[in-house]
Amino acid sequence: MSRGRLLGLVLLYLLVIGMSLLVVANRHHSRELFAELQHLEKERDELSADWSRLKLEQSTLLNQVHVENRSKEVLNMQKPSADNIKVIRE
């Protein structure tokens, strides 16, 4: 075996080792990115649920304000003063 062939073979061997190390590093990195993606998707779902709850709460509060305004305007109702409030306990 000539010296040039042996050098070429060693070079190919080193390239194969180097490429296999790059494949392992790339797989590790992709797994880390996938784990981060799953974490971010879970956080997105939690934030979406919070947003839905807040929208529901906002609509409930707006309903209460609407009812109060209508009762004042249409029925001429007013909130009772502290003197007019009586607490009955059983």
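Cut-offs applied
- Residues numbered from 1 in each chain as written.
- Predicted model: local features only at pLDDT ≥ 70, side-chain atom pairs only at ≥ 80, totals over all residues.
- Heavy atoms only, no water.
- Helix = DSSP H or I, 4+ residues; strand = E, 2+ residues; numbered from the N terminus.
- Rg over C-alpha atoms; globule rule 2.2 N^0.38 Å.
- Buried < 20%, exposed > 50% of the residue type's maximum accessible area, 1.4 Å probe, protein only.
- Areas by Shrake-Rupley, 256 points an atom, 1.4 Å probe, with all protein chains shown as cover.
- Lys, Arg positive; Asp, Glu negative; His and termini not counted.
- Charge placed at Lys NZ, Arg CZ, Asp CG, Glu CD.
- Patch = residues over 30% accessible without salt bridge, like charges linked within 9 Å, V, L, I, M, F, W, Y side chains within 5 Å.
- Salt bridge = Lys/Arg side-chain N within 4 Å of Asp/Glu carboxyl O.

Participant: Help me get a handle on the overall build of the chain, residues and values and all.
Facilitator: Within the chain, the secondary structure is distributed over one helix and zero strands. Since a compact globule built from 90 residues should have a radius of gyration of about 12 Å, the 36 Å found for the chain marks it as more spread out than a globular shape. Projecting the C-alpha coordinates of the chain onto the three principal axes gives extents of approximately 110 × 35 × 15 Å. By residue count, 1% of the 90 residues in the chain fall in the buried class. Here the chain displays about 9200 Å² of accessible surface, and carbon together with sulfur accounts for 61% of that area. Separation of charge centres in the chain, based on 13 positive and 12 negative side chains, amounts to 9 Å.

Participant: So, the environment of Glu57: which residues are in play, and what are the values?
Facilitator: Tracing the sequence through the fold places Glu57 in helix 1 (residues 3-73). Glu57 gets classed as partly exposed once you look at its relative accessible area, which sits at 47%. Each C-alpha atom of the pair Glu57 and Glu43 lies 21 Å from the other, and the pair is 14 residues apart in sequence.

Participant: Pulling in residues and values, what's your account of a nonpolar patch on the surface?
Facilitator: On the surface, Met1, Leu6, Leu9, Val10, Tyr13, Leu14, Ile17 and Leu21 cluster together to form a nonpolar patch covering roughly 860 Å² of accessible area. Checked against the element boundaries, Leu9 lands in helix 1.

Participant: Report on the pattern of salt bridges, specifying residues and quantitative values.
Facilitator: This model, assessed by the stated rule, comprises four salt bridges. One salt bridge connects Lys72 with Glu68, and the closest N-O pair in it is separated by 3.5 Å. Here Lys72 and its partner Glu68 are both found in helix 1, four residues apart, which amounts to about one turn of the helix. Several salt bridges share partner residues, and in doing so they unite Glu68, Lys72 and Lys79 into one network.

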